[in-house]
Amino acid sequence: MEDTLSDDARRPPEPPDARLPRWLPRAMVLALALVACFQLASWGFHQLIGLLLNILIAFFLALAVEPAVDWMAARGVRRGLATGMVFLGILVAAAGFFALLGSMVAGQIATMVEEFPQYLDSVISWANSTFHTHLSRLEVQNNLLNSDWLQKYVQDSANNVLAVSATVLGSLFNLLTVALFSFYFAADGPRLRRALCSVLPPSRQAEVLRAWEIAVAKTGGYLYSRGLMALISGIAHYILLEILGVPYAPALGVWVGLVSQFIPTIGTYLAGALPILIAFTVDPWYALWVFAFVVIYQQFENYLLQPRITARTVDIHPAVAFGSVIAGTALMGAVGALIAIPATATLQAFLSAYVKRYEVTDPRVHGGRRSRRAAEALARVRRGLHRDAPEGARARTAPDGPEAPGDEPS
């Protein structure tokens, strides 16, 4: 018996159970699966971001043309045919405009190439007489043709022909993608709304339809404001070009108005480059005058004209409109700048229905002066307090005027 006890005492204690909990392997597998799904979703989103941006542009373009399609559909035209007619009209107008400008630009470039020696002689003569130099046209031409930067530029351009071609083809593909999706969105607008509302309860269906109608109205207002600013810009530049005697002044005015307003980010530079180039063919000093006018007018438009017109047509504050454009550009580049204002106006109009507003009666928010409406509201409040107050307090409180002297704090 003692030997048995001594053996048990000498036996080392058994180690605790070292097996892993049963839930730990499953938790590790689940965590790894979640990380893999997140990485896969992130990769897919980055791969499809170009397509998603094209769909977003197509959606707002469909909202812009939907009023015209609805007007034609209400008069018996099939919705698909009406959408095709609207897009055909836009395509014909754009093709005619760019064909006119293309022929004009080609003619002006040919004129500039033919008269380039005369321009160079005039510039050299002006430089020699102003700075007392002894330059010659042959020397300047040889220096330009034999310069390292020109040879490097020509070599890089030749090497990048394939990249430029791929970029052009990609832009055409994106344009066709936007046109196709916008056609389907506009032609199947009612069907799309029914499909979206069919998966929502009736209370949510009304909100979705109201948001859709607000988006159509705000996008139309935004396009109206852009068209108005394009008209003002085109007239202003046409007057300047007509005064300077620059040829094709009406077409150049239309070019500046449309390109500067409907092409985000780089539209201003494209719009101003063409009239400056053509003014240079008439007189180099005219090109300088046109450049100065373009810069000054852009400042006037950005800080005075655009905020006021946008605030009236889209019904948002000018500071909010300016901030939304900056935020949209930072988030999505040129696409964000194009759709920032209508998207912000739609969101603001939709959320305004859920914000309850009250009458402001404090005269301090009116610059120290009490408006008539605020004074009437304050008088109503005081009359209600006067009726509910005890008899002793009624004698001390005037219903429509200021507080009695006895009520002033000591």
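Residues numbered from 1 in each chain as written. Predicted model: local features only at pLDDT ≥ 70, side-chain atom pairs only at ≥ 80, totals over all residues. Heavy atoms only, no water.

- With an unreviewed UniProt entry as reference, the protein chain is termed AI-2E family transporter, source organism Streptomyces catenulae.
- What the UniProt record of the protein chain gives under Sequence similarities (unreviewed entry) is the line "Belongs to the autoinducer-2 exporter (AI-2E) (TC 2.A.86) family."
- Listed under Subcellular location (unreviewed entry) in UniProt, the entry text for the protein chain is "Cell membrane". (UniProt positions renumbered as here; feature names shortened; annotations may be inferred.)

1. Here we look at the overall build of the protein chain
- Across its full length, the protein chain carries 15 helices and 0 strands.
- Residue burial in the protein chain is summarised as follows: out of 410 residues, 26% are buried. (Helix = DSSP H or I, 4+ residues; strand = E, 2+ residues; numbered from the N terminus. Buried < 20%, exposed > 50% of the residue type's maximum accessible area, 1.4 Å probe, protein only.)

2. Observations concerning the packing of aromatic side chains
- Counting across every chain of the model gives 9 aromatic pairs.
- Taking 5.9 Å as the distance between ring centres and 70° as the angle between the ring planes, the aromatic pair formed by Phe-183 and Tyr-184 counts as edge-to-face.
- On the basis of relative accessibility, which here comes to 26%, the residue Phe-183 falls in the partly exposed class.
- A relative accessible area of 45% places Tyr-184 in the partly exposed class.
- Judged by centre distance (6.2 Å) and plane angle (20°), the rings of Phe-293 and Tyr-297 are stacked. Remark: Tyr-297 and Phe-293 occur in helix H11 (residues 284–313); sequence separation between them is 4 residues, near one turn of the helix.
- For Phe-293, a relative accessible area of 27% corresponds to the partly exposed category.
- Of the aromatic side chains, those joined through ring pairs into one cluster are Phe-59, Phe-60, Phe-181, Phe-185 and Trp-212. (Phe/Tyr/Trp six-rings, centres within 6.5 Å; stacked < 30°, edge-to-face > 60°.)

3. With respect to helix H2 (residues 23–73)
- Taking 1.5 Å per residue as the helical rise, H2 with its 51 residues ought to reach 75 Å, whereas the 62 Å between its terminal C-alpha atoms falls clearly short.
- The sharpest bend along H2 reaches about 55° and sits at Leu-48.
- Where H2 is concerned, the buried positions are Gly-44, Asn-54, Ala-58, Phe-60, Ala-62, Leu-63, Val-65, Glu-66, Val-69 and Met-72. (Expected span 1.5 Å × (residues − 1). Bend = angle between axes of the 7 residues up to and from the residue.)

4. Some remarks on the UniProt feature "transmembrane region" (unreviewed entry) in the protein chain
- With numbering aligned to this structure, UniProt lists the feature "transmembrane region" (unreviewed entry) at residues 51–73, 85–110, 161–186, 228–249, 269–297 and 318–341.
- Within the segment residues 51–73, helix and strand shares are 100% and 0% respectively, and the terminal C-alpha atoms sit 30 Å apart.
- End-to-end, the C-alpha atoms of residues 269–297 are 13 Å apart, and along that stretch the chain is 97% helix and 0% strand.

5. Concerning the packing of H2 against helix H13 (residues 334–351)
- Here H2 crosses H13 at 45°, and the two axes come no closer than 11 Å. Our classification of the angle between H2 and H13 gives oblique. Crossing hand, H2 versus H13: left-handed. For the pair formed by H2 and H13, the contact residues are Leu-53, Leu-56, Ile-57 and Phe-60 on the first element and Val-335, Ile-339, Pro-342 and Ala-343 on the second. (Axes fitted to C-alpha atoms, helices over the stretch in contact; angles between N-to-C directions. Parallel < 35°, antiparallel > 145°, perpendicular 65-115°, else oblique. Left-handed = near helix turned anticlockwise from the far one by under 90°. Contact = heavy atoms within 4.5 Å.)

6. Regarding the environment of Val-86
- Considering the arrangement of structural elements, one finds Val-86 in helix H3 (residues 79–131).
- Taking the C-alpha atoms as reference points, Val-86 and Glu-66, separated by 20 residues in sequence, lie 9.5 Å from one another.
- The residues touching Val-86, leaving out its near neighbours within four places in the chain, are Val-65, Ala-68, Val-69 and Met-72.

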